[in-house]
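Observations on the three-dimensional arrangement
Chain residues, written in single-letter form:
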Amino acid sequence: MAVLDDIKETIGLRSDHTTGGAASRGSSLLPGRGTLLGFALPLGLVALWQVASATGFADPQLLPAPGEVLGEIVALWQSGDLVEHIAVTMGRVAGGFLWGAVAATVLGILTGTSTWARQFLDPTIQALKAVPSLAWVPLFILWFGIFEDSKLMLIAVGVFFPVYLNLMTAIRDVDRKLIELARVNGLSRWQTVRWVLLPATLPAYVTGLRGGLALGWMFVVAAELMGASEGLGFLMIDGQMTGRPAIIIGALILFAIAGQITDKLLWLATRKPLAWQDTLDSLEGGRNNA
Amino acid sequence: MLEIQDICRRFTTPDGAVVRALEDVSLTIREHEIISLVGTSGCGKSTLLRLLSGLDHPTEGLVQLDGRTVDKPSPEIGMVFQEPRLLPWLTVTDNVGVALLDTPKTEKAERVAAVLEKVGLTKFADALPRQLSGGMAQRVAIARALVRRPSILLMDEPFSALDSFTKQTLQDHVLDLWRDESFTVVLVTHDLEEAVTLSDRVVVMRGNPGRIDRVVEIDSKRPRDRTSDAVQSLKRDLTAALHLN
């Protein structure tokens with residue numbers, strides 16, 4: 001009977017292994033069929049765009065042909081300006097993200113683990129969340145000037161809320177049964193954090209970080225539109241002022257690419273500690289969320 | 001020897017009512033005994049088990065293990081819950097190792113490997129919980145409880161979520177482990193056949209307030225045939241006793 005049981009369990013395990021295998025296949029960095037499928041829609045849109053330009057359906061003053069946009073980007077690249085603009089924008093996002101994420105992590109841990117801290121701090125934080133983040137702009141400019149500090153501050157505010165909310169909720173939602181298990185096995189407070197709380201909250205925390213990063217990109221545009229002499233956002237304003245839609249569209253595309261790349265990097269960095277998750281994503285090869 | 005002396009456990013509900021979960025419960029559990037707690041739901045059997053584990057404290061009375069009061073979880077007392085409660089981010093080895101965090105590395109590795117061998121999971125040492133069947137996961141939970149070499153193993157309906165075939169296999173397995181080691185088992189169950197097949201004594205509890213109604217001694221040899229007349233007639237007696245409640 002025990003043998004039969006073992007066979008049954010082995011079979012059960014095998015079928016699990018196949019799904020695990022799919023996950024490890026999918027996590028190789030070579031593009032799979034699913035990734036290629038993802039390129040179909042943007043490439044199709046570019047083709048449509050090209051057709052619209054070639055047939056004169058699109059007004060070149062408003063929507064220049066794809067080739068012209070590419071030409072503008074290449075020209076900017078060759079002059080060295082583009083690298084400069086991208087670096088400045090990336091730097092702002094990175095700085096704001098760092099400040100926002102650190103503040104959110106500290107406060108999220110505090111309000112997540114201590115009832116007192118939550119009752120004391122959380123209502124205020126929730127109330128601040130209700131302020132549309134762009135409404136801070138006038139105040140930040142007044143306080144921190146029109147240069148880098150006010151921009152970083154604005155981006156940090158944008159990053160803060162998704163990270164904070166996800167982390168606090170995740171800590172509060174940790175299964176009480178697992179905490180009890182830690183108690184039965186004599187884990188100290190720190191050991192409980194290290195072995196139970198931290199890994200249990202990590203998925204939601206990463207979701208928060210990725211959401212925060214997306215908002216960081218959103219807010220860097222706002223910050224650069226409101227006054228800057230460098231950066232992708234400045235490039236767009238410049239294109240608008242000088243009537244060059246190709247520049248605006250080029251900057252738009254660069255924003256999309258940069259946002260994708262940074263999100264992907266964050267995903268890559270956190271993929272390994274999250275590999276244990278038994279989710280639909282791991283069944284489908286782990287790429288859909290990337 | 002685990003002694004339960006005149007225990008009361010009362011809870012106060014949010015609206016101020018007092019629930020008497022256990023009232024005047026006394027019981028002496030002998031060394032290397034298997035004892036089952038049975039009763040309808042709400043009779044206090046799980047509350048009693050939590051008091052024995054040190055996770056909860058009696059309102060009145062004492063729980064003593066070899067003369068020392070049990071007031072917090074200790075390595076002497078192992079616990080297996082109804083669900084395996086494995087940490088999904090750790091391998092089988094690390095899940096068992098969580099019970100030995102303060103043990104030196106090499107000793108820990110040896111003890112974990114030995115206990116996994118004992119529950120027949122050596123081949124799955126590096127598997128993640130999501131790759132295990134329900135029966136295997138519960139065996140990991142048993143291994144994690146046993147790796148601390150407890151003198152008492154508390155089990156809270158440990159087989160109730162398993163299919164009947166896996167359940168019997170696992171019951172026999174626990175019986176084998178119990179024979180090889182020298183621990184005492186306190187088993188909460190609502191499965192009377194399980195209680196009769198495994199136990200030296202079955203404690204029938206009655207709810208509201210939770211009390212011990214009667215203690216039934218079973219002194220036939222183990223392993224017991226589940227289909228035998230003796231087991232089935234005891235099961236009938238116990239069913240009748242529970243229905244009297």
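Look up: the structure comes first, before these words.
Computed from a predicted model, the values in this text were never measured in an experiment.

1. Section: the side chain of Arg 111 of chain B
All names here are of chain B. For Arg 111, the position within the fold is in helix H3 (residues 105-118). On the accessibility criterion, Arg 111 (16% relative accessible area) is buried. Among the polar contacts listed, one links the side chain of Arg 111 to the backbone oxygen of Val 147, at a separation of 2.8 Å. If we ignore the near neighbours within four places in the chain, the residues touching Arg 111 are Leu 100, Thr 103, Val 147, Arg 148 and Arg 149.

2. Here's the deal with the sheet that holds strand S2 (residues 18-29) of chain B
Residue and element names in this part refer to chain B. If you trace the four strands from one edge of the open sheet to the other, you get S2-S1-S4-S5, paired in antiparallel fashion. The sheet terminates laterally at S2 and strand S5 (68-69), the two strands that pair on one side only. Helix H1 (residues 45-53) contacts strand S1 (2-12), S2 and strand S4 (60-65) of the sheet and is inclined by roughly 120° relative to S1.

3. Some details on the pattern of salt bridges
For side chains bearing opposite charge, pairing can occur when the charged atoms are close. Throughout the structure, instances matching the rule amount to 24 salt bridges over all chains. A salt bridge links Arg 50 of chain B to Glu 180 of chain A; the nearest nitrogen and oxygen atoms lie 2.7 Å apart. Note that Arg 50 of chain B is positioned in helix H1 and Glu 180 of chain A in helix H8 (residues 176-184), a pairing that runs across two chains. A residue is classified by how much of its surface remains accessible, and Glu 180 of chain A, at 6% relative accessible area, is buried. When the shortest N-O distance is used, the salt bridge between Asp 213 of chain B and Arg 214 of chain B registers 3.2 Å. What makes Asp 213 of chain B partly exposed here is its relative accessible area of 24%. Here the residues in one salt-bridge network are Arg 176, Lys 177 and Glu 180 of chain A together with Arg 50, Glu 83 and Arg 85 of chain B, joined through shared partners.

4. Focus on the interface of chain B and chain A
Buried accessible area, meaning the area lost when the parts come together, often serves as the stated size of an interface. Facing 32 residues of chain B, the contacting portion of chain A comprises 28 residues. For Glu 180 of chain A, the salt bridge is made with Arg 85 of chain B, and the minimal N-O distance between the two is 2.8 Å. Run the count over chain B and chain A and you get 10 residue pairs in polar contact (both at pLDDT 80 or more). Among the elements of the structure, helix H4 (134-146) and helix H5 (164-180) of chain B are those that each provide at least two residues to the side of chain B that touches chain A. The biggest single contributor to the side of chain B that touches chain A is H4 of chain B, with four residues. For the side of chain B that touches chain A, the residue count by class is 17 nonpolar, six polar and nine charged.

5. Describing the environment of Ala 156 of chain A
Residue and element names in this part refer to chain A. The topology assignment puts Ala 156 in helix H7 (residues 148-172). Classification of Ala 156 by relative accessible area gives buried; the value is 10%. Separated by 72 residues in sequence, Ala 156 and Glu 84 place their C-alpha atoms 22 Å apart. Residue contacts for Ala 156: discarding those within four places in its chain leaves Gly 96, Trp 99 and Gly 100.

6. A word on the sheet that holds strand S8 (residues 184-188) of chain B
Pairing between sheet strands relies on hydrogen bonds along the backbone, with the strands arranged either parallel or antiparallel. All names here are of chain B. Strand order in the open sheet made by the six strands is S6-S7-S8-S3-S9-S10, with mixed pairing throughout. Looking at the sheet topology across the chains shown, the edges are occupied by strand S6 (77-80) and strand S10 (211-217). For this sheet the average axis-to-axis angle between neighbouring strands, irrespective of direction, equals 20°. As judged from the six bridges shared by strand S9 (residues 201-206) and S10, these two strands associate in the antiparallel manner. Pairing of Arg 206 across the sheet is with Arg 211, part of S10.

7. Digging into empty space enclosed by the protein
Here the structure, examined in full by the defined rule, presents four cavities of 30 Å³ or more. In this structure, the largest cavity spans a volume of roughly 80 Å³. In terms of lining, the largest cavity is formed by Leu 181, Val 184 and Asn 185 of chain A together with Pro 75, Ile 77, Gly 78, Met 79, Ala 141, Arg 144, Ala 145 and Arg 148 of chain B. There is about 50 Å³ of room inside the second largest cavity. For the lining of the second largest cavity, the secondary-structure elements that each account for two or more residues are H5 and S8 of chain B. Here the lining of the second largest cavity is built from residues that sort into eight nonpolar, no polar and no charged.

8. Comments concerning unusual backbone geometry
Residue and element names in this part refer to chain B. With an omega of 0°, the peptide bond running from Asn 208 to Pro 209 counts as cis. Following the sequence through the fold, Pro 209 ends up in the loop between S9 and S10. Across the junction of Arg 222 and Pro 223, the peptide omega takes the value -5°, indicating a cis bond. Counting through the fold element by element, Pro 223 comes out in the loop between S10 and helix H7 (229-244). Despite not being glycine, Asp 6 shows a phi value in the positive range, around 45°. Secondary-structure assignment places Asp 6 in strand S1. Owing to a relative accessible area of 51%, Asp 6 belongs among the exposed residues under this scheme. With a phi close to 60°, Asn 208 is a non-glycine residue in the positive phi region. Take Asn 208: it is sitting in the loop between S9 and S10.

9. Brief notes about the packing of aromatic side chains
Residues and elements named next belong to chain A. Considering all chains together, one arrives at eight aromatic pairs over all chains under this definition. Measuring from centroid to centroid gives 5.1 Å for Trp 116 and Phe 120, while their planes differ by 20°, and the two rings are stacked. Of this pair, Trp 116 and Phe 120 both sit in helix H5 (residues 115-129), separated by four residues, roughly a single helical turn. Phe 120 carries the same exposure label as Trp 116, and that label is exposed.

10. Considering the packing of helix H3 (residues 66-79) of chain A against helix H4 (residues 81-113) of chain A
All names here are of chain A. Following both chains from N to C, one finds H3 and H4 inclined at 90°, their axes separated by 4 Å at the closest point. Overall, the two elements H3 and H4 adopt an arrangement that is roughly perpendicular. Of the residues in H4, those in contact with Ile 73, Leu 76, Trp 77 and Ser 79 of H3 are Asp 81, Leu 82 and Val 83. In the contact of H3 with H4, the residues fall into five nonpolar, one polar and one charged.

11. Observations concerning helix H2 (residues 33-54) of chain A
Residue and element names in this part refer to chain A. The end-to-end C-alpha distance of H2, which contains 22 residues, comes to 31 Å, matching closely the 32 Å that a straight helix rising 1.5 Å per residue would cover. For H2, the principal kink sits at Ala 40 and spans about 25°; a proline, Pro 42, occurs within the next four residues. Taken as a whole, H2 has its buried residues at Trp 49, Ala 52 and Ser 53. Taken together, the buried residues of H2 touch H3 and helix H11 (245-271). Of the residues one or two after H2, Gly 56 is the one with positive phi, at around 80°.

What counts as what
- Residues numbered from 1 in each chain as written.
- Chains lettered and ligands numbered in written order.
- Predicted model: local features only at pLDDT ≥ 70, side-chain atom pairs only at ≥ 80, totals over all residues.
- Heavy atoms only, no water.
- Helix = DSSP H or I, 4+ residues; strand = E, 2+ residues; numbered from the N terminus.
- Buried < 20%, exposed > 50% of the residue type's maximum accessible area, 1.4 Å probe, protein only.
- Polar contact = N/O pair within 3.5 Å; in protein donor to acceptor, adjacent residues only side chain to side chain.
- Contact = heavy atoms within 4.5 Å.
- Pairing = 2+ DSSP bridges.
- Axes fitted to C-alpha atoms, helices over the stretch in contact; angles between N-to-C directions.
- Salt bridge = Lys/Arg side-chain N within 4 Å of Asp/Glu carboxyl O.
- Nonpolar A, V, L, I, M, F, W, Y, C, P; charged D, E, K, R; others polar.
- 1 Å grid on protein atoms, 1.4 Å probe; cavity = no way out; pocket = protein on both sides within 12 Å on 5 of 7 lines; lining within 4 Å.
- Points joined across faces, edges and corners; volume = space filled by probe spheres on them.
- Phe/Tyr/Trp six-rings, centres within 6.5 Å; stacked < 30°, edge-to-face > 60°.
- Parallel < 35°, antiparallel > 145°, perpendicular 65-115°, else oblique.
- Expected span 1.5 Å × (residues − 1).
- Bend = angle between axes of the 7 residues up to and from the residue.

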